[in-house]
Amino acid sequence: MLGPSHTQAPHPDSLSKARHALLGPDRDPRGQFSVGSWPPPCTASWPGAQMSQGAWLLGVSGLRNSGASLPLATWLSLLAAGSPGWAWVPNHCRAPREAACNFVCDCRGCPDEAQCGYHGVSPSPGAPFTCDFERDSCGWQDISTAGYRWLRDRAGASPQGPRLRSDHTLGTDLGWYVAVGTHRGRETATAALRSPVLHEAAPTCELRLWYHVASGDVAELRLELTHGAETLTLWRSPGPWGPDWQELVVPTGRIQGAFRVTFSATRNATHRGTVALDDVAFWRCGLPTSQAHCPLGHHHCRNEACVEHPQLCDGEDNCGDRSDEDAALCRHYVATDFEMGLGLWNHSEGWTRNRSAGSPGLPAWPRGDHTWNSAQGSFLASVAEPSAPAVLSSPKFQASAPHNCSLVFYHYLHGSEAGCLQVFLQTASPAAPQTPILLRRRHGELGAAWVRDRVDIQSRHPFRILLAGQTGPGGVVGLDDLILSDHCKPIPELASPPPGCWAPGPWPQPSSLRPRSFCEPGHFFCGDLCVPPEQLCDFQQQCPGGEDEQECGTTDFESPSGGGWEDASVGRLQWARLPAPDRGGPGPDARRAAGHFLAVQRAWGQLAEEARVLTPTLGPSGPRCELRLVYYLQSHPQGFLELVVVEGSRRELVWQALGSTAGGWKVDRVLLGARRRPFRLELVGLVDVDGPGQQGAGVDDVTLMGCSPAAATEEDSEVSCNFERGACGWHTGHLTDAHWQRVESRGPRYDHTTGQGHFVLLDPTDPPAWGPAAHLLTQPRVPSAPQECLSFWFHLFGPQIGTLRLVMRREGEAEAHLWSRSGTHGNRWHEAWATLHHQPDAGAKYQLLFEGLRDGYHGSMALDDVTLRPGPCWAPRRCSFEDSACGFSVGGRGLWTRLANASWGPHADHTTETAQGHYMVVDTSPQALPRGHAALLTSEEQRPLVQPTCLSFWYHLSLRNPGTLRVHVEEAGRQQVLSVSSRGGATWRLGSVDLQARQAWRVVFEAVAAGVEHSYMALDDLLLQDGPCPLPASCDFEAGLCGWNHVPRPGLGGYSWDWSSGASPSRYLQPPVDHTLGTEAGHFALFETSVLGPGSRAAGLISQPLPPTAASCLRFWYHVGFPEHFYQGELRVVLSSAQGQLAVWGAGGRRRHQWLEGQVDVASAAEFQIVFEATLGGQPALGPIALDDIEYLAGQRCQLPTPSQGGGAAAAAVPAAVGGTLLLLLLLLLLLGVAGRRWLQKAGCPSRGEVDAVAPGFENILFSADRVTLPASVTNDQ
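Residues numbered from 1 in each chain as written. Predicted model: local features only at pLDDT ≥ 70, side-chain atom pairs only at ≥ 80, totals over all residues. Heavy atoms only, no water.

S.K.: Hey, could you go over the sheet that holds strand 31 (residues 596-602) for me, with residue numbers and the actual values?
M.R.: With antiparallel pairing, the 5 strands of this open sheet are ordered in space as 30-31-38-33-36. Edge positions in the open sheet fall to strand 30 (573-579) and strand 36 (666-671), since each of these has one partner strand only. For this sheet, the mean angle separating the axes of adjacent strands, direction not counted, is 30°. (Pairing = 2+ DSSP bridges. Helix = DSSP H or I, 4+ residues; strand = E, 2+ residues; numbered from the N terminus. Axes fitted to C-alpha atoms, helices over the stretch in contact; angles between N-to-C directions.)

S.K.: Please set out the state of the cysteines residue by residue, giving values where relevant.
M.R.: Following the criterion strictly, the structure yields 15 disulfides and no others. The disulfide partner of Cys789 is Cys873, and the gap between their sulfur atoms is 1.9 Å. Sign of the S-S torsion, about 115° for the bond between Cys789 and Cys873, identifies this disulfide as right-handed. Taken together, the positions of Cys789 in strand 43 (residues 787-800) and Cys873 in the loop between strand 48 (858-870) and strand 49 (878-879) put the pair 84 residues apart, joining distant regions of the chain. For Cys789, a relative accessible area of 5% puts it in the buried group. (Disulfide = S-S within 2.5 Å. Buried < 20%, exposed > 50% of the residue type's maximum accessible area, 1.4 Å probe, protein only.)

S.K.: For the sheet that holds strand 41 (residues 758-762), give the residues involved together with the corresponding values.
M.R.: In spatial order, the strands read 40-41-48-43-46; together these 5 strands make up an open sheet with antiparallel pairing. Of all the strands in the sheet, the pair left with one neighbour each is strand 40 (741-744) and strand 46 (830-837). Ignoring which end each strand starts from, the neighbouring axes of this sheet average 40° apart. With 4 bridges joining them, strand 40 and strand 41 adopt antiparallel strand pairing. Each bridged residue has a counterpart across the sheet, and for Gln741 the counterpart in strand 41 is Leu761.

S.K.: Account for the pairing of strand 26 (residues 476-484), naming residues and giving values.
M.R.: Judged by how many residues are buried, strand 26 sits mostly within the fold: 9 of 9 residues are covered. Sheet analysis places strand 16 (residues 334-336) next to strand 26, joined by 3 bridges and oriented antiparallel. Note that in strand 26 the partner of Val334 across the bridge is Leu484. Here strand 19 (residues 378-382) runs beside strand 26; their pairing, made up of 3 bridges, is antiparallel. By the bridge assignment for strand 26, Leu380 is matched with Leu479. Strand direction decides the pairing type here: strand 21 (residues 405-414) and strand 26, joined by 7 bridges, are antiparallel. Bridging from a neighbouring strand, His414 pairs with Val476 of strand 26.

S.K.: Residues and numbers for the packing of aromatic side chains, please.
M.R.: If you walk through the whole model with that rule in mind, you get 31 aromatic pairs. Arranged with centres 6.3 Å apart and planes meeting at 80°, the rings of Phe103 and Phe129 form a pair that is edge-to-face. Placement of the pair is Phe103 in the loop between helix 2 (96-99) and strand 2 (129-131) and Phe129 in strand 2, with a sequence separation of 26 residues. Across the pair, exposure class does not vary: Phe103 and Phe129 are buried alike. (Phe/Tyr/Trp six-rings, centres within 6.5 Å; stacked < 30°, edge-to-face > 60°.)

S.K.: Quick one: what's the story with the pattern of salt bridges, residue by residue and with numbers?
M.R.: Per the counting criterion, the structure on display carries 29 salt bridges. Of the charged contacts in the structure, one is a salt bridge between Asp317 and Arg254, with a shortest N-O distance of 3.0 Å. Here Asp317 is found in the loop between strand 15 (306-308) and strand 16, whereas its partner Arg254 is found in the loop between strand 11 (246-251) and strand 12 (255-267), with 63 residues between them in sequence. A relative accessible area of 14% means that Arg254 is categorised as buried. Linking Glu647 and Arg677 is a salt bridge whose minimum nitrogen-to-oxygen distance equals 3.1 Å. Linking Glu647 in strand 34 (residues 640-647) with Arg677 in the loop between strand 36 and strand 37 (680-686), this pair joins segments that are 30 residues apart in sequence. Given the relative accessible area of 10%, Glu647 is considered buried. Relative accessible area serves as the criterion here: at 42%, Arg677 is assigned to the partly exposed category. Each of the salt bridges in this network shares a partner with another, and the network as a whole consists of Glu206, Arg208, Arg284 and Glu609. (Salt bridge = Lys/Arg side-chain N within 4 Å of Asp/Glu carboxyl O.)

S.K.: Break down unusual backbone geometry for me, citing the residues and quoting the values.
M.R.: The omega torsion across Gly619 and Pro620 is 10°, close enough to zero to call that bond cis. Relative to the assigned elements, Pro620 resides in the loop between strand 32 (611-614) and strand 33 (626-634). With a phi close to 55°, Cys138 is a non-glycine residue in the positive phi region. Within the secondary structure, Cys138 is located in the loop between strand 2 and strand 3 (141-142). Of note in this structure, Cys313 is not a glycine but carries a positive phi near 55°. Take Cys313: it is sitting in the loop between strand 15 and strand 16.

What follows is the structure, given as structure tokens:
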């Protein structure tokens, strides 16, 4: 059994907890059959249809076991054979070569599996052996021969080249993975990553991994398994690949002895992207270990392992030594493996005997047979179309009643959703053969794997078993290892079968007189219409009676067709339609005392344990599309139900129920929303059906409502919205698993409209999202005017929140980025607006999109009070130039240009501090702008100012004198308010000017050239804030951060200082009042150290560049609030210049819950910046560090603080006075110690290490209000 499946695995992020604790026992399934023409169309038919009097199936599902069924005790531990958690760990170890990497902990502490993707103590039941690459490579090695190689890497390790934003394990740039990056060679190259040597994979073994392809320049991805001299290709894909992490699920089958797995990426000559691999896991790969005694109903293998009796003689090596398939044990069974021919199954039409080696080249062709798990093994395959299905017939068997004639078979359905395999029973009464009865039906895409199934038959008349297969374009149906029990006794017959035994009967004629062939294959016939397949189940009625929308998911399960839901389970559980008396549930079905519903039952599959059932292909859907369902769930201690939306290879979890429903049925609704592409709905269930009590899960009365895209109401097109009564015309996009949610104000979450209402929120931790982006978008709409103004309120808060972006889409055009903000903007709501510009022929529809791009999991985004009106907006109060020129127009020579990745100008912008960031720049070289000439940059019209306002901006002047930058304000006339002509440098500088304007006004930036070659001027990050401009590097934080910026550190998460107040609800701890006002309404700068991991990581708050100073004073107030006995946090003051960094002050976390004053004299011979650095030296501790009232007094030395009344000043007076005395004493001791050491050195006394000469500069001593901290070079010099 070989090959992968992109569709069989339920949503991995939500199943992991349940998988670790639940078992999936083997069981007899209830057969599925109905009476009809032969061969009937491959349509749904669930258990519960009327049985023929001539034959009946033995059902052991649920609570209705027949007398001939096996007792419940025989089903207790099937998963033990494949779960490493059930392994008995002996006191001694076997030989290392036998014990290493065999998916079983043979030694205490499991050291034998340490280099096979496992670390720690013995795994829990059902836990996989996983490598997440967080600590090491788990034994995986690069075996590439070219420069294109695999390396262990993480997203934040290097800023160069196209890289991933996050790993899959943690979902942040702190997590590790293995990747191959850009290779600049011009030849095709392959990078290969090989696993350690692994041993003995069980038949249930499954390899799951996550991969990411950052561009389309990769020619092929391939997964191979090498066993002995044979290498099997388990999976191969030339793309295309999605933008996010994608899961690959590959069953390996039984592997005897040693083997390796190799994952390779082949690049073409233009490859410039990254291919990454993460979270490689081996599920259910361990063989059962030896036991002294086996449980009741189990078989003791020759190697003392225990397997259940249904696993005997089933064609798989479950024991590990093949003793369960021993010839003497299985002498009464007749197995056909097709290695030498068809055996008893010698009546075949449409089936061909094949091998994987020398296959016809179909992508869906089996990679190996089931018998030997080899490309050299034989099997039956067919590509027959539905109009002429392939049929395989058994010989005629004697009547089996009262015993069972059991057929175990392995089937393969891959490559087409139209694939179908049906098992029929045809009895021969004394009069004439009867119409075949459907026993089992599998339909759809089951993945590239051999799946086990079994049917049990008791018949009073002679009978035959018929297997009919069909598929669609590109699909393959396969059969292998047909095993008949001893009560299937053939009747001697002539060489040719009786006529008509499996001949197709006539198709039933429709009510219309037209023949069925009136429509093309695949089309649906109703009335006088032929409905093409893409219009079936599209929520828009085509047939007069709505027949084309009848089997499309909405159902009460009273019809045997089950509303079109198809079971696609491949493991030990399945979904089955059951009558209420057989429900195994909490009572009658959802609506009546007698009826049918869908329930999780035992099945015969050997692969993934979850039960899966899917609808036909649905949609597209409208924004109001909603699913209503009634369900029950009883599973202890764990179990779940899930609803997943499947679009191609993408899977989106939209609903989940955990635990139990307290003994009754529950009703729930799930908003599916607008989906532009067809999709399928999948119900996934996992329960411990053999656990204590009456455990199980069921679903009834499934209804899809409001899903037609044409059923949009006026509200659905409404953009203006305060979200109090709904989401208006805004709906969630479904390209990733991160979603915007309409929520109610509660706790730290509060809306803007009333403070107690509703808003839309993006919180990547609820539920955990691995996708990098979440979309909130409108329906396409026609513009109401050539220009429209969209205004809204946004909330960006948290130390690692990411970017919020507004985008406009038009059909056939590239997306237009209108507005964006990155990083935290404090714990408050901000207003923003953007002008929408439309073409004069305003007939083209457009769509608005808010896109949230997360950086990690610390923080949230929110939107509220969105308004759209005709006409242009006022000019924005903030502009970073990341998405547009913000309405600025150019004048004069028209040389101002918006640039990024420029070959001239600043190497990085100010907003993002990267080469990819944008800014406005003008070339002031003589050939571009002659000496004395000017280039103008003029804003759009700004609204009148109701109070004094500060205009701040960041500018960058070239090292060569570019000339003069002048700032003008145009109100009634033009007035110059600022002129900058200082020397340039390698850094951005802050400019600010106080403004007052009672009328509409504009700001004009004028660049006057000095006529110097290779010179330029650049602008970035313009901001209007209420209130006067603060002094340089000074701030009371009442209006914002006053030019102080956070310092993102690549590789350490890029955490940010925040801005908040005591009155603002927050999920993070913070001071109850500020220092400036001493009230809850006052604001402060804040950093929550708990987001930092261990290892002395830091987050900085950095000032604007300051001129050199001989002595200046820095005063500030700080607040450190850590719990008792957790003092890992520290606040430091660092001076940063071209000469390096110098720590000049530091305070730990031993003072708690009050504002304390800090001050320090600073001096620098070069231009410098002040950095407040929050660090964490030990393990993470929950606690904030806050700053307020920073004051930089240029040219003034600090004075000791004087006692004052009230607040934190009084609290700081005594420590400051004591600290001054201690400071003098410690300095004296320090000088005496240094003098004594030098005297000893002069006297010839040896020392353990010589001290290097120190260059002139800063003395690296940390001063605080009450202590002196010596640097390591002093304190460790003994």
